[in-house]
Amino acid sequence: PDNTSTIFCGRIVDLGENVGLCTSLNAAIPYIEDSTAPAAITSMWTFPSSPANNNNPVVGGVAQENTGITVYTNATCDGGPTWTGNASTFAAGAGQGIAVSVSDNTKTTFYALSTDDAGNRSACSPTGVEYVEDGLAPDAAANVAINPT
């Protein structure tokens, strides 16, 4: 059945068809059936915060512990480009997260999903986080009047 634990044990049968006992010496093997996906990622952020002149920000968010994280640039969390990391780095906060890359002077929205050890994937994050890479200097001021005081 789904999401249950079972212990499998091998028994030794010799040529005389004598069956051995299932003991720890015969290496009982625990098996956990896990078909439950992790919860979707929430509360995503970037560091530095947007907008910034940084082509390699990090993306973080709130994710289920002990899962792998994949970051996408589309709301369906498929295709590429993708970046990967683990939940502890992703959720560390304080400038920590999964390093991504963006081109100069672009706006990119990042989405993410988590995958548990059994390979179950969460839904794509319901909302993404937008990052604006702004490497342009401001326009020079024109027609500036200075009023002496």
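Heads up: the structure comes first, above all this text.
Basis of the calculations
- Residues numbered from 1 in each chain as written.
- Predicted model: local features only at pLDDT ≥ 70, side-chain atom pairs only at ≥ 80, totals over all residues.
- Heavy atoms only, no water.
- Helix = DSSP H or I, 4+ residues; strand = E, 2+ residues; numbered from the N terminus.
- Rg over C-alpha atoms; globule rule 2.2 N^0.38 Å.
- Buried < 20%, exposed > 50% of the residue type's maximum accessible area, 1.4 Å probe, protein only.
- Contact = heavy atoms within 4.5 Å.
- Areas by Shrake-Rupley, 256 points an atom, 1.4 Å probe, with all protein chains shown as cover.

Caption draft 1: The arrangement of the overall build of the chain in detail. A count of helices and strands for the chain gives one helix and nine strands. Along the chain, helices (α) and strands (β) appear in the sequence β-β-β-β-β-β-α-β-β-β when read from the amino end. For the chain, whose C-alpha radius of gyration is 26 Å, the value lies well above the compact-globule estimate of 15 Å for 149 residues. Each principal axis of the C-alpha atoms in the chain carries an extent, and together these give about 110 × 25 × 25 Å. Counting over 149 residues, the chain shows a buried share of 28%. Within the chain, contacts between residues separated by at least 24 positions form 59% of all contacts whose residues are at least 6 apart in sequence. When the accessible area of the chain is evaluated, it comes to approximately 9,600 Å², of which 53% is carbon and sulfur surface.

Caption draft 2: Up close: the side chain of Thr 70. Locating Thr 70 in the fold gives a position in strand β5 (residues 68–72). Note on Thr 70: relative accessible area 13%, which makes it buried. Apart from the residues within four sequence positions on either side, Thr 70 is in contact with Thr 82, Trp 83, Thr 84, Tyr 111, Ala 112 and Leu 113.

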